[in-house]
Amino acid sequence: MFGSTTPKRLRDVIREIRSARTAADERAVVNRECATIRDTFKDEDNVYRCRNVAKLLYIHMLGFPAHFGQLECLKLIASPKFTDKRIGYLGANLLLDERQDIHLLVTNSLKNDLSHQTQYIVSLALSTLGNICSTEMSRDLAGEVEKLLKSSNSYVKKKAALCAVRIIKKVPDLMEMFIPACRPLLNEKNHGVLLTAVCLITEMCVLSSDTLTHFRKLVPQLVRLLKNLIMAGYSPEHDVSGVSDPFLQVKILRLLRILGKNDEDASENMNDILAQVATNTETAKNVGNSILYETVLTIMDIKSESGLRVLAVNILGRFLLNNDKNIRYVALNTLLKVVSADYNAVQRHRTTIVDCLKDPDVSIRRRAMELSFALINSNNVRGMMKELLCFLDKCDPEFKGDCCSNIVTAAEKYSPNRRWYIDTVMKVLTTVRLLKSTYN
């Protein structure tokens, strides 16, 4: 019966669902359509399977159950038509995961499509494998993915690199298989391949200390890559607000940070390029600020020169003057982490940090308070206490407990004389008592 009836198009179903006035009406429309789809799935020669699965995926995205379409997705994946495969793989991504045994049935189709002549079908298989692969599937198909990393097609190669990232996360033992293919990827001209290759190497270095040691020899090559990006002229394909491929720059900086940590030779090789990035990057746009922030984190994490560390702290100091509250918060957070290692460099920005105590944003005030207490010493204790007592008087109730205890602790530790210490403690007690009487 249903084989002879043309099912509704996806757009008609969407229009009908959106026109429902109440949640009950919407459920009724969905239940009616699901019943029709179930019946049409019973027809083995269903020429509208692709259309019905597409409607079912839309219904799934609205939060309604659609598990009964899983097998239909597998049938579409097995179809020779690209349009069927596209919807089938989309359905597999949405409806299947490694907790369901049915997902193992797709392994054979994936294996066939990974060796397909059409790059877009190979890409669909790689994307799906990267999303739903289990341990068993990873072991079965890792060899196919490794072959695709050596493909001459850049589009396939970048997809294979991202798929390899998921596979080694799932099964770290398979990492050895992908190591030889990584180095040639860094010689590619295509930025998509470079970006995914850096992501793959980063993941390997995070997962294995032996692999980290192996890849340290790539530092000069990564430095050259970063230098070429900085010196590159305008390229419309990679330019973002006047910066050449900031996404790739950030990923390379992150990998350099991992490779340079606790290694003097690697750190020395990257000192010059980090100084270049820190001084030449445009700060008018957030794109440049993101690169500078990643540069600062790298400088602080590796065994960098003292002058370079001061430069990094000065960049954070400039961030504190930015109009964007997110950038100010990030700067305070980072300064709080590095203050113990670069105390004098952070001290130079004390005035700006204290000004952040008056910021309208509560999270910025909290970080500024914590950093202000970290900067107190015997030389500045009088001025800092004056500012912090003013802050205590006006700050939010949730800050007062921490602020009081830290003021008393700092006063005890750095007080110039006994009388000053007693006066400070009395001011704290008086402020707290007045506040209590106000709230009562």
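Worth saying up front: this structure is predicted, and the values here are computed from it rather than measured.

## A few points about the pattern of salt bridges
Inference 1: For the structure shown, the criterion picks out 24 salt bridges.
Inference 2: As a salt-bridge pair, Arg-216 and Asp-263 come within 3.7 Å of each other at their nearest N and O atoms. Taken together, the residues span a long stretch of sequence, with Arg-216 in the loop between helix H12 (209-215) and helix H13 (219-231) and Asp-263 in the loop between helix H14 (246-260) and helix H15 (264-280) at a distance of 47 residues.
Inference 3: In this structure, Lys-358 engages Asp-355 in a salt bridge whose closest nitrogen and oxygen atoms are separated by 4.0 Å.
Inference 4: The class of Lys-358 is exposed, set by a relative accessible area of 59%.
Inference 5: On the accessibility criterion, Asp-355 (45% relative accessible area) is partly exposed.

## Some points on a negative patch on the surface
Inference 1: A surface patch of negative charge is lined by Glu-264, Asp-265, Glu-268, Asp-272 and Glu-305.
Inference 2: Relative to the helices and strands, Glu-264 resides in helix H15.

## Some remarks on the environment of Val-339
Inference 1: Here Val-339 is to be found in the loop between helix H18 (325-338) and helix H19 (343-347).
Inference 2: For Val-339 and Leu-226, which are 113 residues apart along the polypeptide, the C-alpha to C-alpha distance reads 28 Å.

## Remarks on the packing of aromatic side chains
Inference 1: In this structure the tally under the stated criterion is 3 aromatic pairs.
Inference 2: Between Phe-41 and Phe-68, the ring centres sit 6.3 Å apart and the planes meet at 55 degrees, which makes this aromatic pair tilted. With a gap of 27 residues between them, Phe-41 in helix H2 (residues 23-41) and Phe-68 in the loop between helix H3 (49-61) and helix H4 (70-78) connect regions that are remote in the sequence.
Inference 3: Phe-68 sits in the buried class, given a relative accessible area of 17%.
Inference 4: If you follow Arg-38 out to its NZ or CZ, it ends over the ring of Phe-68, 4.0 Å from the centre.

## A few points about the side chain of Lys-85
Inference 1: Within the element layout of this structure, Lys-85 appears in helix H5 (residues 82-95).
Inference 2: We classify Lys-85 as buried; its relative accessible area is 5%.
Inference 3: Engagement of the side chain of Lys-85 in a polar contact is seen with the backbone oxygen of Ile-77, the distance being 2.6 Å.
Inference 4: In terms of polar contacts, Lys-85 uses its side chain to reach the backbone carbonyl oxygen of Ser-79, at 3.2 Å.
Inference 5: The residues touching Lys-85, leaving out its near neighbours within four places in the chain, are Leu-76, Ile-77, Ala-78, Ser-79, Pro-80, Asp-113, Ile-121 and Leu-124.

## What about the environment of Leu-226?
Inference 1: With respect to the secondary-structure elements, Leu-226 resides in helix H13.
Inference 2: Judged by relative accessible area, which is 0%, Leu-226 ranks as buried.
Inference 3: As a C-alpha pair, Leu-226 and Val-277 span 51 residues in sequence and 8.7 Å in three-dimensional space.
Inference 4: Excluding residues that lie within four positions of it along the chain, Leu-226 makes contacts with Gln-249, Ile-252, Leu-253, Leu-256, Ile-273 and Val-277.

## Digging into the packing of helix H8 (residues 135-149) against helix H10 (residues 175-185)
Inference 1: Packing of H8 against H10 leaves a shortest axis separation of 9 Å and a crossing angle of 15 degrees. In terms of their interaxial angle, H8 and H10 are classed as roughly parallel. Where H8 crosses over H10, the two elements pack in a sense that is left-handed. Along the contact surface, H8 presents Ala-142, Gly-143, Val-145, Glu-146 and Leu-149, while H10 presents Met-177, Phe-178, Ala-181 and Leu-185.
Inference 2: Within the contact of H8 with H10, the residues separate by chemical class into 7 nonpolar, 1 polar and 1 charged.

## So, a nonpolar patch on the surface
Inference 1: A cluster of nonpolar residues, Met-61, Leu-90 and Leu-94, forms a patch on the protein surface that exposes about 280 Å² of accessible area.
Inference 2: Structurally, Met-61 can be placed in helix H3.

## Some thoughts on the state of the cysteines
Inference 1: In total, this model carries 0 disulfides according to the counting rule given.
Inference 2: This cysteine, Cys-50, is not joined by any disulfide, and Cys-73 carries the nearest cysteine sulfur, 10 Å off.
Inference 3: By relative accessible area, which is 19% here, Cys-50 ends up buried.

## Comments concerning H3
Inference 1: Helix length check: H3 (13 residues) gives 18 Å between terminal C-alpha atoms against 18 Å at 1.5 Å per residue, within 8%.
Inference 2: Within H3, burial applies to Arg-49, Cys-50, Asn-52, Val-53, Ala-54, Lys-55, Leu-56, Leu-57, Tyr-58 and Ile-59.
Inference 3: At its buried positions, H3 is contacted by helix H1 (10-18), H2, H4 and H5.

## Points about helix H23 (residues 397-414)
Inference 1: For H23, built from 18 residues, the straight-helix expectation of 26 Å at 1.5 Å per residue is met to within 8% by its first-to-last C-alpha distance of 26 Å.
Inference 2: Buried within H23 are the following residues: Phe-399, Lys-400, Cys-403, Cys-404, Ile-407, Ala-410 and Ala-411.

## Remarks on the packing of helix H6 (residues 107-114) against helix H7 (residues 119-132)
Inference 1: Interhelical geometry of H6 versus H7 gives an angle of 140 degrees and a closest axis separation of 8 Å. Regarding the angle of H6 to H7, the classification is oblique. Seen from above, H6 lies across H7 with left-handed handedness. Between H6 and H7, the residues in contact are Leu-110, Asp-113 and Leu-114 and Ile-121, Val-122, Ala-125, Leu-126, Thr-128 and Leu-129, respectively.
Inference 2: In terms of residue class, the contact of H6 with H7 is built from 7 nonpolar, 1 polar and 1 charged.

## Looking at the environment of Glu-72
Inference 1: Positionally, Glu-72 belongs in helix H4.
Inference 2: A C-alpha to C-alpha distance of 7.4 Å links Glu-72 and Arg-49, two positions 23 residues apart in sequence.
Inference 3: Look past the residues within four positions of Glu-72 in its chain and what remains in contact with it is Phe-41, Arg-49 and Val-53.

Parameters and conventions
- Counting starts from 1 at the beginning of each chain's written sequence and moves along it residue by residue.
- Given that the model is predicted, a residue must reach a pLDDT of at least 70 before its local features are reported, and side-chain atom pairs must reach 80 or more before they are shown or counted; all residues, however, enter totals for whole chains, interfaces and linings.
- Water and hydrogen atoms play no part in the side-chain values, which are based on all heavy atoms of the structure.
- Note on definitions: salt bridges are taken to be side-chain nitrogens of Lys or Arg within 4 Å of carboxyl oxygens of Asp or Glu.
- By the criteria applied, helices consist of DSSP H or I runs no shorter than four residues and strands consist of E runs no shorter than two, each listed in order from the N terminus.
- Think of it in three bands: with a 1.4 Å probe and only protein chains considered, a residue is buried below 20% of the maximum accessible area for its type, exposed above 50%, and partly exposed in between.
- Patches draw on residues past 30% relative accessible area with no salt bridge. Two like charges within 9 Å are joined, as are two nonpolar side chains (Val, Leu, Ile, Met, Phe, Trp, Tyr) within 5 Å.
- Using a 1.4 Å probe, accessible areas were evaluated by the Shrake-Rupley method; residue-level cover was limited to the displayed protein chains.
- Counted as positive: Lys and Arg. Counted as negative: Asp and Glu. His and the chain ends are not counted at all.
- The location of each charge is read from NZ of Lys, CZ of Arg, CG of Asp or CD of Glu.
- Here the aromatic set is Phe, Tyr and Trp, taking the six-membered ring for Trp, and pairing holds for ring centres within 6.5 Å; pairs whose planes are under 30 degrees apart are stacked, those over 60 apart are edge-to-face, and all others are tilted.
- Here, over-ring charges are defined by two tests on the NZ atom of lysine or the CZ atom of arginine: distance to the ring centre within 6 Å, and angle to the ring normal within 35 degrees.
- Each polar contact in these results corresponds to two N or O atoms within 3.5 Å; when the atoms are within protein, one needs to be able to donate a hydrogen and the other to accept it, and residues that are neighboring in sequence are counted only if both atoms are side-chain atoms.
- Here, residues are in contact when the closest pair of their heavy atoms is within 4.5 Å.
- Throughout, an axis means a line fitted to C-alpha atoms (over the contacting stretch in the case of helices), and angles, computed between N-to-C directions, take values from 0 to 180 degrees.
- Any angle that falls under 35 degrees is termed roughly parallel, while one over 145 is termed roughly antiparallel, one within 65 to 115 roughly perpendicular, and all others oblique.
- By convention, the crossing between two helices is left-handed when the near helix turns anticlockwise from the far helix through less than a right angle, and right-handed when the turn is clockwise.
- Residues are sorted three ways: Asp, Glu, Lys and Arg are charged, Ala, Val, Leu, Ile, Met, Phe, Trp, Tyr, Cys and Pro are nonpolar, and all the rest, Gly among them, are polar.
- A pair of sulfur atoms, both from cysteines and within 2.5 Å, is called a disulfide here.
- Between the first and last residue of a helix there are one fewer steps than residues, each counted as 1.5 Å, and that sum is the expected span.

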